[in-house]
Every structure is written in C-alpha cells, then in structure tokens.
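Chain and residue survey
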Amino acid sequence: MADGNTSVFENVNKLVSYGLKTGLLEKNDVIYAKNMLLLNLGLTGFETAEQANELPEVSETDLENILKVLVDYAVEHNLTGGETVVYRDLFDTKLMACLVDRPSNIINKFWKLYKESPKKATDYFYKFSQDTDYIRRYRVCKDLKWKTPTEYGDLDITINLSKPEKDPKAIAAAKNMKQGGYPQCLLCKENVGYAGRVNHAARENHRIIPLKLAGEDWGFQYSPYVYYNEHCIVFNYKHTPMLICQKTFERLLDFITQFPHYTLGSNADLPIVGGSILTHDHFQGGAYEFPMAKAEIEKEICIKGYEDVKAGIVKWPMSVIRITAKDSSRLVALATHILEKWRGYTDEKAFIFAETEGEKHNTITPIARRRGDLFELDLVLRNNITTEENPLGVYHPHAELHHIKKENIGLIEVMGLAVLPSRLKKELSDLGKAIVEGNDISHDEVLSKHSEWVKAFSKSYSKIDSSNIDEILRKETGIVFSHVLEHAGVYKCTKEGREAFDRFIATL
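Attention here is on the structure that accompanies the text. Throughout this document, residue positions are counted from 1 along each chain, in the order its sequence is written. In keeping with the predicted nature of the model, local features appear solely for residues at pLDDT of at least 70, side-chain atom pairs appear and are counted solely at 80 or more, and the whole-chain, interface and lining totals rest on all residues. Neither water nor hydrogens contribute to the side-chain values; these are computed over all heavy atoms in the structure.

This part covers the overall build of the chain. When helices and strands are tallied, the chain shows 17 helices and 15 strands. Here the chain has a C-alpha radius of gyration of 25 Å; the compact-globule value for 508 residues is 23 Å, and the two agree. Based on the C-alpha atoms only, the size of the chain along its principal axes is roughly 80 × 60 × 45 Å. By definition in these notes, contact holds between two residues if any of their heavy atoms fall within 4.5 Å. Long-range contacts, defined here as pairs at least 24 residues apart, represent 65% of the contacts in the chain between residues at least 6 apart. Accessible areas in this description were obtained via Shrake-Rupley with a 1.4 Å probe; residue shielding takes into account the shown protein chains only. In the form shown here, the chain has an accessible surface area of approximately 23,300 Å², with 51% of it arising from carbon and sulfur atoms. A gap of 3 Å separates the mean positions of the 65 positive and 72 negative side-chain charges of the chain. Helix and strand definitions follow DSSP, with helices as H or I runs of at least four residues and strands as E runs of at least two, each counted in order from the N terminus. Every radius of gyration here is taken over C-alpha atoms, with the globule rule written as 2.2 Å times N^0.38, N being the number of residues. Positive charges are assigned to Lys and Arg, negative charges to Asp and Glu, while His and the chain termini are left out of the count. One atom stands in for each charge, and that atom is NZ of Lys, CZ of Arg, CG of Asp or CD of Glu.

Before going further, it helps to spend a moment on the state of the cysteines. Pairs of cysteine sulfur atoms within 2.5 Å are what we label disulfides. Inspection of the entire model under this criterion finds 0 disulfides. Counting only cysteine sulfurs, Cys-185 is the nearest neighbor of Cys-232, a cysteine outside any disulfide, at a range of 17 Å.

It is worth spelling out the sheet that holds strand β6 (residues 263-265) at this point. Each strand in a sheet pairs with another by means of backbone hydrogen bonds, the pair being arranged parallel or else antiparallel. An order of β3-β4-β5-β7-β6-β13-β14-β10-β9-β8 is seen for the 10 strands of this open sheet, with the pairing classed as antiparallel. Taken across any chain shown, the strands that pair with only one partner, and hence form the sheet edges, are β3 (209-213) and β8 (297-301). When the angles between neighbouring strand axes are averaged without regard to direction, this sheet yields 25 degrees. When DSSP finds two or more bridges between a pair of strands, those strands are recorded as paired. Across 5 bridges, strand β4 (residues 216-222) lies against strand β5 (residues 232-236) in antiparallel orientation. Across the sheet, Gly-219 pairs through a bridge with Phe-235, a residue of β5. Each axis is a line fitted through C-alpha atoms, taken for helices only over the stretch in contact, and angles between the N-to-C directions span 0 to 180 degrees. Contacting β3, β4, β5, β6, β7 (282-286), β13 (362-371) and β14 (374-383), helix α10 (residues 246-258) runs over the sheet at an angle of about 20 degrees to β13. The sheet strands contacting helix α17 (residues 495-506) are β8, β9 (310-314), β10 (320-325) and β14, and the helix crosses β10 at an angle near 45 degrees.

Dropping the structure here:
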C-alpha cells in the first residue's frame, strides 16, 4: 500500500490538473502523468480508487505551492540528495518533466504556428517555457524593476532575485564531484532533457527550437531568468567560442528577417567587455524595446562607398554607431568594414590601443532590430585594455562605482538595462533606514562601501525622510548605472571625447 500521506497524493493530482489547465497535457495523458509522478516520488499507488480519479481545480499561480508540498515530501523521504535550493530545483524539474511533451512535437507545433505568423510561434513557445516551469514565474515576479530618467533617456534598472545563489553545501559537493564534459556548457543543445547535477542546472523540462541562420544550424530558446520580456537566447549548435565577424552580422540580420518582432544582439568576444560565457557563440534578444533603441542620433555621418546607408553617432553614454538600410546585405558590408577598421585602430592620445604585447583589445557589441521595412544595426565600440590603476579594465566601471556594479558590462547593460546583484535589495533597504535614522554607516561592515555615495547625493536634497528615501535611492542607483555605462564607453561624452570619436570616424 502506498504511503499514507494524503497531502502528497492530493498534490500529485493538482499537478496533473495544472498540466491540463496549461495545455501541457491532454485528457488521454492523465493516467500516464500520474503514474510517472508516483514513480518519481517512490509511491506505488493511490490510497483509494476515488483519490486516483481526482482532478482538483487549480490556477496557474498554484504551481509554486504544489511543487513545494511534493518536494518537501521527497526531502523527508531522502529522495532528493539534499534539502537546499539546488537539490530542490533538481528534483522539482524531474517532476515537471512528467508533464512535458517530446521535443519533436514541440518543434513541429512551433513551425506550424510560424506559418500563421512568427509572433504566434514565439507567443506559444514563451508561454510553454513558463508553463513547464523552465521559466519560474513565481521567482521572476520577485525581481525589482524601475526606470530612472537620465540625460540619455530613461534607463531600466533591475535587481535580479530569480537566479538562486549557490549554497555552500552544493558548492562543496560540486568540488568533490568528478568533472564531466557533458553537456560542455549550459548553452549546448545536449541540455535538452538533461537531469542536471549540483554544478549544472536540471533541464528535463527544457526544449529548443532548431533554426537556420546564414545557412548554419542554430538553436532558439528562452533564458530561464528572463531579465526582460521574452528574453531569448540563440546559440550555435556547435560548441564554438564567441567571435565577432562578418558572419555575426549575417546571422543577426537573418534572425530579425525571420522574427521581425524581436531584437537580437551579441556580447563582445573578448574578456572584460564580453559576457559570462565566451566559450559558446550565442546571441540574446527578445520582444523588448531597450532604452538604447529609443536613443536619438546625435550626429549624422556619411561613410564613403556606403552613401546609401544612413549612419550616425547615437546619443548614448557608450560609443555607438547606428547604421540603417532597406538592404540587409549593405549593413553586413558596412558593419564588417567598421569592425575591421576598429580591430586595427590605435589612438594613443585617446588611450585606445588595438594591441599590446600581442593581446588584441578592440571589438564590437552589435545589436540588430527592425524599423518597419528597414534593418538597423547598433555597433558599440569596445576595448578591454587594463592598467595597474584599473586592473579590471580602463573601459569598465571604476572602483568608486563597485558598490553598485562591479561585474562586466555585457550586451544587456550596454542596451540600457541594468542587471544589478541581488545583494542590493537588502543593502538599499538597510541603507534607507540608516539614512532616515541618521546613523553613521562609515564603519558598518556591509554599508560602509556606500558611504561616499550617500554623502555626495545627500547634498542635492533639501529633505530626506521616510516618505521619499526609497524614491531617492532608486533614482540615485539609476544615475550610478548611467555613470557605469559612461565608464564602459571608449569615448567620453566630452568635447575631447567627441573629437577623438570623430578621428576614428574619419578613418572609415
């Protein structure tokens, strides 16, 4: 006879009801799904025939609690290998996999809907990726988000709380594990259906849509952490390093030809100015208008031999050339020309060096979008040179900004969306209380790093109290992010910086 815990059986039935409600399951799947869940929970059957036939009413928002009850049971019965979030996530993904269809069926449905419209296909796949709990809605909704007005337009600020931090026990367990090479990384196509381990997220509920980009095999999926609406990842089916080249522009423009309602960009291909994964060529995009896309052209330019392509310098804290044309092949040609010129460009007066001691420094962060019938590329000039004074990078947030943002400035930040560390949720809350209460934070172990910042911005306000402290801290955090982007720009927004930018433009 099965375990007498009525709650676990009730929640097995609720999870199957959830699968029916979201369309993950059909009526004929019910018995199979229930039996798969029982198997994974180490149960041999329901307590009664009536219980076996129950399908309680549920809503989509019930999923978090349903999984909590089932995983609590699994932890109590030593089915998970541990009790921390890493082990719980591995196990609840195994449960959700009982509701998820085979990859071929998902792929076929996607392309069938694509024939009606690309948007219908992505709408389906995005909802599917949330319904399967690959994107954990109940975590993503906890992220803090706001907008901050700046001289460059409104910047998007987020404090990401949906990506769980690794716990010490899992880190220790991972260290003692035999290092495997399968999948080679978190982006590889072999992640589909993979059970995961303590140092590699479970992906049993994960599906990928195969694409052809510039004649090559690529995959389309969503990020499980969705920093913005329909945050997608497009990756090379081959585990090959990031490389910005002519082919990059061809692939980006091919994608927005196939999915004109999406933006797509690439991280740079060098350390410091690139993303967190340089070993696997990939892009990121989605159905979101980033602040950079709203930024206006500050100065129009004409590039010899490309007079048919509209070009200009964007009013942005980083150094951006925007090119626009109806013919995407002309954008590929001009973008390649600009990239090749920038790769080899040195301007000692502006402290821009193409290469030092055999190490190359210049690269580009490209972003592609559609404007009606027009194709548009933003080309962000990047340089990763370091010095003794700035060991993390000359064109990287300097030490005085590290209290807010120390990490690399990748594609998403470049486009004007700050992804700030989760520590700031508590730090800003505690900081607000300390400011209102008039406490000295200069010797506080955690808050002292914010001390100089608080002294500087406090002078700008005639009144700071409990009624406005949260608004002030959010505004000032956003302003710091605008300075972060300025630090990452190779040409400063000054008279000298603009003159230096013009010197590069003249070489085109």
